[in-house]
Amino acid sequence: MTRFVALAAQDSPPSGQDKTSLGYSVPADVPGSLARSLQAFSGRSINLTKIESRPSRHHLGEYIFLVDCEGHRSDEQVKDALAEVEDQSSFFKVLGSYPRSSEG
C-alpha cells in the first residue's frame, strides 16, 4: 500500500480517531533501550500501528525508529508517553498528529 502525506505547519485538531507519527533514536549499544521506549506506549495501552527502523547515517549501529501510534499528541496518555520516550532518546521528533484513514 502506498501512503501519501499532506504537510502543514500545524497538527489537525483532535478528531477522536487520530494517529501520531514520530521518529526517535535510543542510545546505541544499550541493551533493552528500544524495549524500554516501547513500554511507554504499552504501559498506557496505546496501540502502535507501525514501527520501522532506518540507519541514522551518523553512527554505525545507530537507528532512527519511525513509529505511528493511535491517538492525538494532545491526548493526555499520548502526551505522557511521548514525554517519556523523549526523555530516553538521543534524538526525538514528533512528525504530527492527524485523523486516521478509513483503512487504519
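If you're wondering where the values come from, they're calculated on a predicted model, not measured in any experiment.

Novice: How should the environment of S25 be read in this particular structure?
Specialist: Within the fold, S25 resides in strand β1 (residues 18-25). Since its relative accessible area comes to 1%, S25 is described here as buried. Counting along the chain gives 65 residues from S25 to S90, while the straight-line C-alpha distance between them is 5.5 Å. Among the polar contacts made by the side chain of S25, one reaches the main-chain carbonyl oxygen of Y63 at a distance of 2.9 Å.

Novice: How should I be thinking about helix α2 (residues 76-88) in this particular structure?
Specialist: One turn of an α-helix holds 3.6 residues; hence residues three or four places apart share an orientation. Its 13 residues give α2 an end-to-end C-alpha distance of 19 Å, which sits within 8% of 18 Å, the value for a rise of 1.5 Å per residue. When α2 is considered as a whole, its buried residues turn out to be V78, A81, L82 and V85. Viewed end-on, α2 has its buried residues packed into an arc of 100°, placing them on one side of the element. Opposite its buried face, α2 presents the exposed residues E76 and D87, each directed more than 90 degrees away. Buried residues in α2 make contact with β1, α1 (33-42), β3 (63-70) and β4 (91-99).

Rules and cut-offs
Residues numbered from 1 in each chain as written. Predicted model: local features only at pLDDT ≥ 70, side-chain atom pairs only at ≥ 80, totals over all residues. Heavy atoms only, no water. Helix = DSSP H or I, 4+ residues; strand = E, 2+ residues; numbered from the N terminus. Buried < 20%, exposed > 50% of the residue type's maximum accessible area, 1.4 Å probe, protein only. Polar contact = N/O pair within 3.5 Å; in protein donor to acceptor, adjacent residues only side chain to side chain. Expected span 1.5 Å × (residues − 1). Arc of directions from axis to C-beta. Contact = heavy atoms within 4.5 Å.

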